[in-house]
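# Coordinate inspection notes
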Amino acid sequence: MNDNIKLEPSWKHALIDEFEKDYMQDLRQFLLHEKQAGKTIYPPLGQIFTALNLTPLNHVKVVILGQDPYHGENQAHGLSFSVPPHIKIPPSLLNIYKELEHDLNIPPAKHGHLTHWAKQGVLLLNSVLTVEKQKAGSHQNRGWERFTDCIIEHINHQSEHTVFILWGSYAQKKGANIDTNRHLVIQAPHPSPLSAHRGFFGGQYFSRCNNYLTQHQKAPIDWQLPDIY
């Protein structure tokens with residue numbers, strides 16, 4: 001099975017033992033069964049590990065933790081909060097853009113495709129990496145949470161001076177064991193329209209992140225997304 005896992009080499013080396021564990025074997029069987037039953041799974045199977053493939057372990061400078069992939073058609077492509085080009089920008093991401101403009105005077109992008117961030121070292125990681133079409137949370141408690149906990153632990157122990165941006169109580173619980181002596185943990189309400197009014201706006205997440213990276217001799221993130229035509 002190991003040879004069939006298409007994963008960026010540094011992550012494959014770090015996580016290969018996880019794929020052999022019973023919980024991952026069970027998760028694999030669950031996904032196969034769902035596909036055989038004719039259910040539509042998001043993101044497409046070839047994009048499940050997009051976040052890891054775009055942001056190698058030794059390049060991670062920032063982690064933005066989400067919960068589940070988008071469950072609408074053509075939205076999820078393996079990066080938290082991101083959608084493919086030419087797909088309508090989701091409400092949470094619109095609020096992230098509003099805060100980015102307020103913080104760094106960067107005008108909102110006309111698209112929601114965040115690969116420019118990922119390629120600079122921003123790991124856009126969801127806690128659960130798959131979902132059934134139009135069924136939010138349908139793949140929770142199937143094993144993905146344990147797998148992504150392992151990802152966070154590798155970053156926590158193997159890297160230094162990483163910024164963890166934890167929006168919402170779910171992300172904050174998942175990041176509860178991050179070593180705040182080694183890393184910067186920024187917590188705030190989720191950018192969803194349901195909760196953003198509780199204190200998401202005005203958090204200056206992007207400038208705080210870049211200031212911390214610069215203080216520790218790391219290149220800041222260029223948060224301005226390029227135009228997509």
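Because the structure is predicted, anything quoted here is derived from the model rather than measured.

### Considerations on the pairing of strand β2 (residues 62-66)
- Counting buried positions along β2 yields five of five residues, so the element is predominantly enclosed.
- Taken together, the five bridges between β2 and strand β3 (residues 122-126) define a ladder with parallel strand orientation. The residue of β3 that forms the bridge with Gly 66 is Asn 126.
- Across four bridges, β2 lies against strand β5 (residues 163-167) in parallel orientation. In the strand pairing of β5, Val 63 is matched with Phe 164.

### Some details on helix α8 (residues 205-215)
- When α8 is considered as a whole, its buried residues turn out to be Tyr 205, Phe 206, Ser 207, Cys 209, Asn 210, Tyr 212 and Leu 213.
- Tucked into the core, α8 has its buried residues touching β2, α4 (91-104), α5 (115-118), β5 and β6 (184-188).
- Just downstream of α8, Gln 217 is the residue with a positive phi angle, here 60°.

### Some details on the packing of helix α2 (residues 22-36) against helix α6 (residues 144-158)
- At a minimum axis separation of 9 Å, α2 and α6 run at an interaxial angle of 130°. As judged from the angle between their axes, α2 and α6 are oblique. Read as a crossing pair, α2 and α6 show a hand that is left-handed. Between α2 and α6, the contacting residues are Tyr 23, Met 24, Leu 27 and Leu 31 on the first element and Trp 144, Arg 146 and Phe 147 on the second.
- The residue makeup of the contact of α2 with α6, split by class, is six nonpolar, no polar and one charged.

### As for the environment of Phe 30
- Summarising the element assignment, Phe 30 is placed in helix α2.
- Sequence-distant contacts of Phe 30, defined by excluding residues within four places in its chain, comprise His 139 and Arg 142.

### Re the pattern of salt bridges
- If you walk through the whole model with that rule in mind, you get four salt bridges.
- A salt bridge links Glu 132 to Lys 135, with the shortest nitrogen-to-oxygen separation between them at 3.6 Å.
- Overall, Lys 135 belongs to the partly exposed group, its relative accessible area being 45%.
- Across the salt bridge formed by Lys 174 and Asp 149, the nearest N and O atoms sit 2.5 Å from each other. Placement of the pair is Lys 174 in helix α7 (residues 169-174) and Asp 149 in helix α6, with a sequence separation of 25 residues.
- Under the relative-accessibility criterion, Lys 174 is labelled buried at 14%.
- Residue classification places Asp 149 among the partly exposed positions, given a relative accessible area of 34%.

### What about the pairing of β6?
- Bridge count for β5 against β6 is five bridges, and the pairing is parallel. Within β6, the position partnered with Phe 164 by the bridge is Val 185.
- With α7 bridging β5 and the parallel β6, this β-α-β connection has right-handed handedness.

### Some thoughts on unusual backbone geometry
- Cis geometry marks the peptide bond from Tyr 42 to Pro 43, where omega comes out at -10°.
- Here Pro 43 lies in the loop between β1 (41-42) and α3 (50-54).
- The backbone of His 86 shows a phi angle near 70°, a positive value even though the residue is not glycine.
- Mapped onto the secondary structure, His 86 falls in the loop between β2 and α4.
- Judged by its relative accessible area of 63%, His 86 falls in the exposed class.
- With a phi close to 65°, Gln 134 is a non-glycine residue in the positive phi region.
- Mapping Gln 134 onto the fold places it in the loop between β4 (131-132) and α6.

### Quick word on the packing of helix α1 (residues 9-19) against α6
- The interhelical angle for the contact between α1 and α6, taken along N-to-C directions, is 140°, at an axis separation of 11 Å. Between α1 and α6, the crossing angle belongs to the class labelled oblique. Crossing angle aside, the handedness with which α1 passes α6 is right-handed. Contact with α1, carried on its side by Trp 11, Ala 14, Leu 15, Glu 18 and Phe 19, involves Phe 147, Cys 150, Ile 151, His 154 and Ile 155 of α6 and no other residues of that element.

What counts, and at which threshold
- Residues numbered from 1 in each chain as written.
- Predicted model: local features only at pLDDT ≥ 70, side-chain atom pairs only at ≥ 80, totals over all residues.
- Heavy atoms only, no water.
- Buried < 20%, exposed > 50% of the residue type's maximum accessible area, 1.4 Å probe, protein only.
- Helix = DSSP H or I, 4+ residues; strand = E, 2+ residues; numbered from the N terminus.
- Pairing = 2+ DSSP bridges.
- Contact = heavy atoms within 4.5 Å.
- Axes fitted to C-alpha atoms, helices over the stretch in contact; angles between N-to-C directions.
- Parallel < 35°, antiparallel > 145°, perpendicular 65-115°, else oblique.
- Left-handed = near helix turned anticlockwise from the far one by under 90°.
- Nonpolar A, V, L, I, M, F, W, Y, C, P; charged D, E, K, R; others polar.
- Salt bridge = Lys/Arg side-chain N within 4 Å of Asp/Glu carboxyl O.
- Right-handed = clockwise from strand over helix to strand, strands pointing away.

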